[in-house]
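Inside the fold
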Amino acid sequence: MSLIEKIKDRFDLSPIKPKWPGLIENYKKWLPVNANTPIITLKEGGTPLIRVGSIEKRIGRGIRVYVKYDGLNPTGSFKDRGMTMAISKAKEDGCEAVICASTGNTSASAAAYARRGGMRAFVLIPDGYVAQGKLAQALVYGAEVLAIKGNFDKALDIVREIAEKYPITLVNSVNPYRIQGQKTSAFEIVDALGEAPDWLCIPMGNAGNITAYWMGFQEYFKAGHSTILPKMMGFQAKGSAPLILNAIVKEPETIATAIRIGNPVNREKAMIAKEESKGSFLAVTDEEIINAYKILGKEEGIFCEPASAASVAGLLKRKQEIPNKSTIVCVLTGNGLKDPDCAITNNDAVFHSDLDANLKTVAKTMGF
Ligand SMILES: *Cc1c(COP(=O)(O)O)cnc(C)c1O
């Protein structure tokens, strides 16, 4: 070893931290992969767990609140965690095309990973109800987009039948590999905290993610990586709350389009996660969602999409019930840039327009 290498070694002066290898590589022994699985990765996972004082301040009593910022995944949502697994396994099986129904993020992720793996990606979306950023992604990632005159639930019915009839792999969260990949976020949280949190707050659409987190926390607990299991606290938007109403919602409506789902695929599994963890589900209004969305943006510098803010809105709604000194993690499932229309319509920014282009006007407007 040269002198410089010795110094670097001793004092950890390397300019870049050891690189995150992607979640399959990092958690290989917990995942259904083998030496023959071609790993299709964009180095997803390894996302930050960030303490949010602005939320703690509103709750008090020594309660710690973190957000798991999964909007920092390669295509901007947690869907990448499941997609790296689903697409790698599809590739291993020799598949040449994949299909999904999507409120947007699944299609963006499926397209990115499928194309990276040299496969075709067909995506069915509800026409007019997919946020701009997500549509842009599917197009740029080279998906073949089919916009239907119907909602997500209808789109899912169609793709399920197509995948049964034709040689094409379904990559919605009915695909078991999706849940496997997604459970790694629970591992990351325990690895970061050194223990499982007391509560996990999470938005629910098809409820694949809550299912995956519960699986991950249980596996880590059984292996002795944590001494407790979190209560699974799931949240849905009021106009789209089949898991709270315990009924199918025919015409789901909410500003949080990523969770605008009336008939969740993983209903039973979500109910099991709730019961086993002694958790609870609750609906939050669009107004409460937007309130949390704005707090995270302007007080924390964290820009998430409206569906993600449902986890924080839900936590604030339940603040009386939180035991003293608890540690809580809220999952921020997607990036705010996904839905620029929502951002432009819902903010408290000061925006002075039509100003004359001179110093005097600008300074005066600033209050000098
Ligand atoms: C898909 C998605 C959800 C819902 O996850 P489910 O697994 O369907 O419950 C929540 N937020 C965002 C941003 C999503 O993309």
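Only a predicted model underlies this, so the values are computations on that prediction, with no experimental measurement involved. (Residues numbered from 1 in each chain as written. Predicted model: local features only at pLDDT ≥ 70, side-chain atom pairs only at ≥ 80, totals over all residues. Heavy atoms only, no water.)

Turning our eyes to something else, we now look at the site of the ligand. The environment of the ligand is made up of 16 residues, and the closest members are Lys 79, Asn 105, Asn 206, Ala 207 and Thr 333. For the ligand, an oxygen atom lies 2.8 Å from a polar atom in the backbone of Asn 206. In this structure, Asn 209 approaches the ligand through a main-chain N or O atom, which is 2.8 Å from an oxygen atom. Secondary-structure elements contributing two or more residues to the shell around the ligand are α10 (208-222) and α14 (306-317). Per-class residue counts for the shell around the ligand are 6 nonpolar, 8 polar and 2 charged. (Near = heavy atom within 4 Å. Polar contact = N/O pair within 3.5 Å; in protein donor to acceptor, adjacent residues only side chain to side chain. Helix = DSSP H or I, 4+ residues; strand = E, 2+ residues; numbered from the N terminus. Nonpolar A, V, L, I, M, F, W, Y, C, P; charged D, E, K, R; others polar.)

Right, let's talk about unusual backbone geometry for a bit. Even without glycine at this site, Asn 246 takes up a positive phi of about 55°. Checked against the element boundaries, Asn 246 lands in the loop between α11 (242-245) and α12 (267-277). Judged by relative accessible area, Asn 246 falls into the exposed class, the value being 57%. Although it is not a glycine, Lys 325 sits at a positive phi angle of roughly 60°. Inspection of the secondary structure puts Lys 325 in the loop between α14 and β10 (327-332). (Buried < 20%, exposed > 50% of the residue type's maximum accessible area, 1.4 Å probe, protein only.)

Moving on: a nonpolar patch on the surface. Residues Leu 355, Val 362, Met 366 and Phe 368 make up a contiguous nonpolar surface patch of roughly 460 Å² in combined accessible area. Locating Leu 355 in the fold gives a position in the loop between α15 (340-345) and α16 (359-366). (Patch = residues over 30% accessible without salt bridge, like charges linked within 9 Å, V, L, I, M, F, W, Y side chains within 5 Å. Areas by Shrake-Rupley, 256 points an atom, 1.4 Å probe, with all protein chains shown as cover. Salt bridge = Lys/Arg side-chain N within 4 Å of Asp/Glu carboxyl O.)

Turning next to the packing of aromatic side chains. Counted by the stated rule, this structure contains 7 aromatic pairs. Residues Trp 30 and Phe 187 carry aromatic rings whose centres are separated by 5.0 Å and whose planes lie at 50° to one another, so their mutual orientation is tilted. Taken together, the residues span a long stretch of sequence, with Trp 30 in the loop between α2 (23-26) and β1 (49-51) and Phe 187 in helix α9 (residues 184-193) at a distance of 157 residues. Comparing Trp 30 with Phe 187, the two get one shared label, buried. (Phe/Tyr/Trp six-rings, centres within 6.5 Å; stacked < 30°, edge-to-face > 60°.)

Moving on: the environment of Leu 243. Residue position: Leu 243 is located in helix α11. A C-alpha to C-alpha distance of 8.9 Å links Leu 243 and Ala 207, two positions 36 residues apart in sequence. Not counting the four nearest positions on each side in its chain, Leu 243 is found in contact with Met 204, Ala 207, Gln 236, Pro 264, Arg 267, Ala 270, Met 271 and Phe 281. (Contact = heavy atoms within 4.5 Å.)

Direction vectors running N to C along α10 and α12 enclose 45°, while the axes themselves pass 8 Å from each other. Considering the angle they form, α10 stands oblique to α12. Where α10 crosses over α12, the two elements pack in a sense that is left-handed. Contact residues: α10 offers Ile 210, Thr 211, Trp 214 and Gln 218, while α12 offers Lys 269, Ala 270, Ala 273, Glu 276 and Ser 277. A breakdown of the residues in the contact of α10 with α12 according to their chemical character gives 4 nonpolar, 3 polar and 2 charged. (Axes fitted to C-alpha atoms, helices over the stretch in contact; angles between N-to-C directions. Parallel < 35°, antiparallel > 145°, perpendicular 65-115°, else oblique. Left-handed = near helix turned anticlockwise from the far one by under 90°.)

Pairing is mixed in the open sheet, where 6 strands are placed in the order β1-β2-β10-β7-β8-β9. Every interior strand has two partners, whereas the edge strands, β1 and β9 (280-284), have only one. Across the sheet, the mean angle separating the axes of adjacent strands is 25° when strand polarity is ignored. Against the sheet, helix α13 (residues 286-300) contacts β1, β8 (231-237), β9 and β10, and its axis sits at roughly 90° relative to β9. (Pairing = 2+ DSSP bridges.)

With that settled, consider helix α4 (residues 79-92). An α-helical segment advances 3.6 residues per turn. Residues three or four places apart therefore align on the same side. With 14 residues, α4 ought to run about 20 Å at 1.5 Å a step, and its terminal C-alpha atoms sit 20 Å apart, in line with that. Of all 14 residues making up α4, 12 are buried, and the element is well covered by its neighbours. Those residues of α4 lying buried are Lys 79, Asp 80, Arg 81, Gly 82, Met 83, Thr 84, Met 85, Ala 86, Ile 87, Ser 88, Lys 89 and Ala 90. Residue Gly 94 follows α4 closely and has a positive phi angle near 80°. (Expected span 1.5 Å × (residues − 1).)

Let us look at the pattern of salt bridges. Scanning all chains against the criterion turns up 17 salt bridges. In this structure, Glu 92 and Lys 89 form a salt bridge, with 3.0 Å as the shortest nitrogen-oxygen distance. With Glu 92 and Lys 89 both in helix α4 and 3 residues apart, this pair spans about one turn of that helix. Glu 92 gets classed as partly exposed once you look at its relative accessible area, which sits at 27%. The exposure class assigned to Lys 89 is buried, which follows from its relative accessible area of 7%. Of the charged contacts in the structure, one is a salt bridge between Glu 253 and Arg 260, with a shortest N-O distance of 3.5 Å. Look at the salt bridges and you will find they share partners, linking Lys 68, Asp 70, Arg 81 and Glu 188 into a network.

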